[in-house]
Amino acid sequence: MSVKVRFFARFRELLGTDIIVDKGPEAGMADLVREIARQNEEGYKAVFDEQGRFHEFVIVMRNGKRVLISDVEKIILTDGDEIAVFPPVAGG
Amino acid sequence: MLSERELERYKRQILLFGEDGQERLKKSHIFIAGAGGLGSPVSIYLAVAGVGTITIVDRDVVELTNLNRQVLHYDQDIGKKKTESAGEKLRIINPDITVNAIEADIGEKNVSSLVGSADGIVDAMDNFDTRYLLNRVAQAKRIPFFHGAISGLYGQATTILPGTTPCLACIFPKAPPKEVFPVIGVTPGFIGMIQATEVVKYLLGRGELLAGRLLIWDGMYARAEEIKTERNPDCDVCGHGT
């Protein structure tokens with residue numbers, strides 16, 4: 001099955017965007033994002049903590065719907081899924 | 001009642017929403033938390049639109065490093081309190097409105113009295129601690145909270161309506177890490193305009209607000225995205241138990 005991962009802002013600078021990946025069935029969403037992020041150390045650290053979990057402030061969407069960080073590890077991907085990963089910002 | 005001068009000043013926007021609309025702006029009081037990157041463009045445009053009373057609060061002094069983006073302040077203001085500089089400029093920009101420029105460090109003890117009976121709060125802050133505080137006050141006073149935040153060429157904005165939309169804590173249960181954020185003026189200029197537009201629409205009762213929608217702007221690619229936001233029924237600030 002084919003899924004697309006989009007990163008935004010700083011995450012996009014480090015990891016790129018519109019990444020299309022072919023995965024077998026039962027692929028986990030969090031695992032996929034970790035796999036992609038590992039390609040850039042700084043990018044990985046921006047999204048994940050030392051235990052490999054999403055930083056709690058990261059916004060994750062699946063097909064336009066927010067996925068709470070507490071639920072992120074439970075999501076199993078389906079064909080055509082689009083995952084979006086955003087960093088909220090704080091400046092002003 | 002609008003004076004002859006006001007009818008003339010706002011003539012071109014009265015074409016959009018009538019004298020009634022302008023009266024609504026004139027009777028309104030908006031609280032702007034921060035006179036920096038976001039606070040500058042928001043306050044300027046709400047002032048020229050004729051929002052009758054603007055209260056702007058900041059605790060800082062103008063520094064040279066502010067001047068790449070904080071367009072209310074000039075070289076001659078370096079060393080001056082931001083609120084003094086902001087008050088001066090806004091009164092020149094529109095002498096027909098009331099500007100309260102208050103030097104204060106917004107905190108638990110003073111936030112409610114600072115906001116007073118304002119009709120809405122504009123988030124022009126640079127940290128989430130104060131944003132969360134303003135969010136709670138907006139909930140308590142049942143007034144809108146116009147959130148905005150930026151970094152680099154990227155920004156976000158949403159309009160929080162207590163009792164209706166998710167609050168800031170629903171949308172951002174955890175704050176992003178504190179950082180000395182990179183910024184160029186065009187970004188808070190852009191996000192500030194989104195916030196100011198939201199304020200104007202809210203006060204006029206027109207159009208569709210960013211209610212339940214988080215607008216994400218990536219200036220580097222000139223792309224806007226929208227994230228639907230949802231209330232968290234267990235939210236500490238606005239959830240069932242509150």
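The shown structure was predicted, so the numbers you read here are calculated from the model rather than taken from an experiment.

### Here we look at the overall build of chain B
Along its length, chain B carries eight helices and eight strands. Relative to its full complement of 242 residues, chain B shows a buried share of 48%. Restricting to contacts in chain B with at least 6 residues of sequence separation, those with at least 24 account for 67%.

### Comments concerning the interface of chain A and chain B
Contact with chain A, which involves 15 residues of that partner, is made by 28 residues of chain B. The residue inventory of the side of chain A that touches chain B, partitioned by class, reads 10 nonpolar, three polar and two charged.

### Notes on the pairing of strand β3 (residues 59-62) of chain A
Residues and elements named next belong to chain A. Pairing geometry for β3 and strand β5 (residues 82-86), over four bridges, is antiparallel. Its bridge partner lying in β5, I59 is registered against F86. Summarising the sheet, β3 and strand β4 (residues 65-67) pair through three bridges and their orientation is antiparallel. By the bridge assignment for β4, R62 is matched with K65.

### Observations regarding unusual backbone geometry
All names here are of chain A. In this structure, E26 is a non-glycine residue whose phi angle is positive, near 65 degrees. Within the secondary structure, E26 is located in the loop between β2 (19-22) and α2 (29-37). On the neighbour-count criterion, E26 (8 C-beta atoms within 10 Å) is exposed.

About the thresholds
Residues numbered from 1 in each chain as written. Chains lettered and ligands numbered in written order. Predicted model: local features only at pLDDT ≥ 70, side-chain atom pairs only at ≥ 80, totals over all residues. Helix = DSSP H or I, 4+ residues; strand = E, 2+ residues; numbered from the N terminus. Buried ≥ 20, exposed ≤ 12 C-beta atoms within 10 Å, placed from the backbone. Contact = placed C-beta atoms within 7 Å. Nonpolar A, V, L, I, M, F, W, Y, C, P; charged D, E, K, R; others polar. Pairing = 2+ DSSP bridges.

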